[in-house]
Amino acid sequence: IMDVEADDPKANKLLESLIPADYPHPTYKSQKSVHHLFLGPNPEAPRVVAHGIEFRGFKNQSLLPPSVNANGVEYK
């Protein structure tokens, strides 16, 4: 599974422009942005950040709903 997310408004806008609105895939909301989950082409793909968009895969983790982080923020 590849978790793709952007951490700032400009990167979020770019990411939204790259994913077709009608493309079915799981998403969830964190404090900063929307995380998009995809089946990655390489099960051992490393973490990569490009243009403010983070691609988190092999040996990385993401908090998923209904998790609550240390600051009390809920993932939905």
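Preceding block: the structure.
Residues numbered from 1 in each chain as written. Predicted model: local features only at pLDDT ≥ 70, side-chain atom pairs only at ≥ 80, totals over all residues. Heavy atoms only, no water.

Participant: Let's hear about unusual backbone geometry: which residues, and what values?
Facilitator: Notably, H51 is not glycine yet its phi reads approximately 55 degrees, a positive angle. Within the secondary structure, H51 is located in the loop between strand 4 (48–50) and strand 5 (53–56). Exposure remark for H51: the relative accessible area of 69% places this residue in the exposed category. Positive phi, normally seen in glycine, also occurs at K59, with a value near 60 degrees. (Helix = DSSP H or I, 4+ residues; strand = E, 2+ residues; numbered from the N terminus. Buried < 20%, exposed > 50% of the residue type's maximum accessible area, 1.4 Å probe, protein only.)

Participant: So, the sheet that holds strand 1 (residues 2–6): which residues are in play, and what are the values?
Facilitator: One open sheet holds the five strands; their spatial order is 2-3-1-5-4, and the pairing between them is antiparallel. Of all the strands in the sheet, the pair left with one neighbour each is strand 2 (27–29) and strand 4. Across the sheet, the mean angle separating the axes of adjacent strands is 20 degrees when strand polarity is ignored. Bridge count between strand 2 and strand 3 (residues 34–38): three bridges; the pairing is antiparallel. Paired with T27 across the bridge in strand 3 is H36. (Pairing = 2+ DSSP bridges. Axes fitted to C-alpha atoms, helices over the stretch in contact; angles between N-to-C directions.)

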